[in-house]
Amino acid sequence: MSVELILQIVVFLGSIFIGIRLGGIAIGYAGGIGVVILGLALGMKPGSIPWDVILIIAAAIAAISAMQQAGGLDYMVRLTERFLRRHPRFINYLAPICGWLLTLLAGTGNAVFSLMPVVVDVAKSQNIKPSVPLSLMVVASQIGITASPVSAAVVYMSGVLEQFGWNYPTLLGIWISTTFIACILTAFIVSLITPLDLSKCKIYQERLKVGLVKDANEVLQAQDKPGAKLSVGIFLITVLCVVLYATAISSNIRWIDPVVIPRDSAIMSFLLTAATLITWFCKVDPAKILDTSVFKSGMTACVCVFGVAWLGNTFVSGHTQEITDLASNWVKQIPATLAVAFFFASMLLYSQAATAKAIVPVVIASLGITAANPNDSYMLVACFAAVSALFVLPTYPTLLGAVQMDDTGTTRIGKFIFNHSFFIPGVLAIAISVALGFVAAGFLK
């Protein structure tokens, strides 16, 4: 390994480390610093900026934040709360299901923030450690991104795979079914191997003695805004339109021919149309949309993808040949190693879409996947869920939010960084999703 390569790796990882230490939007800022140093000091050509991913995220956030301001997101959360409270004994299964479903529909895992107090409350009422359902829900919300029709990651991956004969409905069917089953099986395994009795937890007892634990009670009592239900209806119809249009122009189906509006452009225009309709018919003040938590977190995500994905693309494009040679040797011999590559890349790049954008083109080139020779493309389908390892470093917003909202102290981050409540559920969920993905994709290839 040359000194130049060592310096490039140090700059790449160092920039990511600084960004993670600073947190939030600064993760994207630090990516820019890395590009500057790699380019000006080490002579690397800047990689491509993932504008398509950034614009899809921005369009989705525009629609979701308008729905939130109209009260639609709170309405969905309240419906979920009622469901959880009616079946409290099954909180370890229902929490991840609800987190997965909200993410699937909204295209962002941030939707689970509002559910966290409910999950803690219901778990305490059943003498269950809140760390179990909370960690399962956070992991489910991250892996749910790889099944959402309106997530940038799914839009990008389905677009890439379509040229190799995979149509949009088939891909959605595989990713939705495998991630959902994985969340359920993970909940079963974690519930089986984890001590659930809250009353026997020493940390909980200590916090209870000093009055740091609140009594279990209902936490969501606000009234629905007048346009809440309408905004949800508009958004869900838009999601349906996205699925139908993407299906209609799929190369294997092609109900619409010729295709005037490409799929990505259509999805963005549908989402912006939804935002317009919600703002108009639900009487939303556009100025207040900018203050919603979804808009702020979404724009933070755009900057993070901008900086970190640009940094990642710069490093990867500078070593394409080496990575291609390594990938072709390993992945062809052991296809599951592609999932390992996705796992570690997403841990550093902090985004499912950014990881897919950085790694997939290199894998396609290394395996020699073409429209004429698409056989190995099933590996990409099967391993896609592995881009969801954002839980490994305990710095992701939903992870930190779960730690802060659990007043029992059972959801915590250990001294050794990786020994936190989310690591085992996350690894299990990804491993099961990938295994199921290989079964489904291998059968359909």
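Higher on the page you've got the structure.
Residues numbered from 1 in each chain as written. Predicted model: local features only at pLDDT ≥ 70, side-chain atom pairs only at ≥ 80, totals over all residues. Heavy atoms only, no water.

Chemist: What is the right way to look at the overall build of the protein in this model?
Modeler: In terms of helices and strands, the protein carries 20 helices and zero strands. Principal-axis analysis of the C-alpha atoms places the extent of the protein at approximately 60 × 50 × 45 Å. Counting across all 445 residues of the protein, residues that qualify as buried make up 53%. Expressed as a percentage of contacts within the protein between residues at least 6 apart in sequence, the contacts between residues at least 24 apart total 81%. Roughly 19100 Å² of accessible area belongs to the protein as shown, and the carbon and sulfur atoms make up 67% of that amount. On the protein, the mean spot of the 26 positive side-chain charges and the mean spot of the 20 negative ones are 6 Å from each other. (Helix = DSSP H or I, 4+ residues; strand = E, 2+ residues; numbered from the N terminus. Buried < 20%, exposed > 50% of the residue type's maximum accessible area, 1.4 Å probe, protein only. Contact = heavy atoms within 4.5 Å. Areas by Shrake-Rupley, 256 points an atom, 1.4 Å probe, with all protein chains shown as cover. Lys, Arg positive; Asp, Glu negative; His and termini not counted. Charge placed at Lys NZ, Arg CZ, Asp CG, Glu CD.)

Chemist: Just checking my understanding: could you explain the side chain of Ser433 for this structure?
Modeler: Inspection of the secondary structure puts Ser433 in helix α20 (residues 423-444). Overall, Ser433 belongs to the buried group, its relative accessible area being 1%. Once you skip the residues sitting within four places of it in the chain, Ser433 turns out to touch Ile143, Thr178, Thr179, Ala182, Ala382 and Ala385.

Chemist: In this structure, what is going on with the side chain of Ser351? I would like to understand it.
Modeler: Structurally, Ser351 can be placed in the loop between α16 (337-349) and α17 (352-367). Of the residues examined, Ser351 reaches a relative accessible area of 8% and is grouped as buried. A polar side-chain atom of Ser351 sits 3.1 Å from the main-chain amide nitrogen of Ala354. Contact partners of Ser351, with chain neighbours within four places excluded, come to Val305, Ser346 and Leu390. (Polar contact = N/O pair within 3.5 Å; in protein donor to acceptor, adjacent residues only side chain to side chain.)

Chemist: Would you explain the pattern of salt bridges in this entry?
Modeler: In a structure, side chains of opposite charge can pair up when their charged atoms sit close to one another. Counted according to the given criterion, the structure contains five salt bridges. Across the pair Asp264 and Arg263 runs a salt bridge, and its minimum N-O distance is 3.5 Å. What makes Arg263 buried here is its relative accessible area of 10%. The network of salt bridges with shared partners includes Glu81, Arg85 and Asp121. (Salt bridge = Lys/Arg side-chain N within 4 Å of Asp/Glu carboxyl O.)

Chemist: What is the right way to read the packing of helix α5 (residues 91-106) against helix α9 (residues 168-193) from this model?
Modeler: A pair of packed helices is captured by two measures, namely the crossing angle of their axes and the spacing between those axes. Put simply, α5 and α9 touch, their axes get as near as 9 Å, and they point 155° apart. Accordingly, the angle class assigned to the pair α5 and α9 is roughly antiparallel. As for the relative orientation of α5 and α9, their crossing is right-handed in sense. Contacts between α5 and α9 involve Asn92, Tyr93, Pro96, Ile97, Trp100 and Leu104 from the former and Ile176, Thr179, Phe180, Cys183, Ile184, Ala187, Phe188 and Ser191 from the latter. A breakdown of the residues in the contact of α5 with α9 according to their chemical character gives 11 nonpolar, three polar and no charged. (Axes fitted to C-alpha atoms, helices over the stretch in contact; angles between N-to-C directions. Parallel < 35°, antiparallel > 145°, perpendicular 65-115°, else oblique. Left-handed = near helix turned anticlockwise from the far one by under 90°. Nonpolar A, V, L, I, M, F, W, Y, C, P; charged D, E, K, R; others polar.)

Chemist: Would you explain the state of the cysteines in this entry?
Modeler: Disulfides are covalent bonds that link the sulfur atoms of two cysteine residues. Scanning the entire structure with this criterion turns up zero disulfides. Take Cys241: it sits in no disulfide, and the sulfur closest to it among the cysteines is that of Cys282, at 16 Å. Residue classification places Cys241 among the partly exposed positions, given a relative accessible area of 34%. Among the cysteines around Cys383, which has no disulfide bond, Cys183 carries the closest sulfur, lying 17 Å off. Taking relative accessible area as the criterion, Cys383 reaches 0% and is therefore assigned buried. (Disulfide = S-S within 2.5 Å.)

Chemist: Is there a simple way to explain the packing of aromatic side chains in this structure?
Modeler: Within a pair of aromatic rings, the relevant descriptors are the distance that separates the centres and the angle that separates the planes. Summed over all chains, the structure comprises 10 aromatic pairs. A ring pair is formed by Trp51 and Phe306, whose centres lie 5.6 Å apart and whose planes are at 35°; its orientation type is tilted. Of this pair, Trp51 sits in helix α3 (residues 51-69) while Phe306 sits in helix α14 (residues 293-318), and the two are 255 residues apart along the sequence. Its relative accessible area of 30% is what places Phe306 among the partly exposed residues. Summarising the aromatic geometry, the rings of Tyr378 and Phe438 are spaced 6.1 Å apart at their centres and angled 75° between planes, so their arrangement reads as edge-to-face. (Phe/Tyr/Trp six-rings, centres within 6.5 Å; stacked < 30°, edge-to-face > 60°.)

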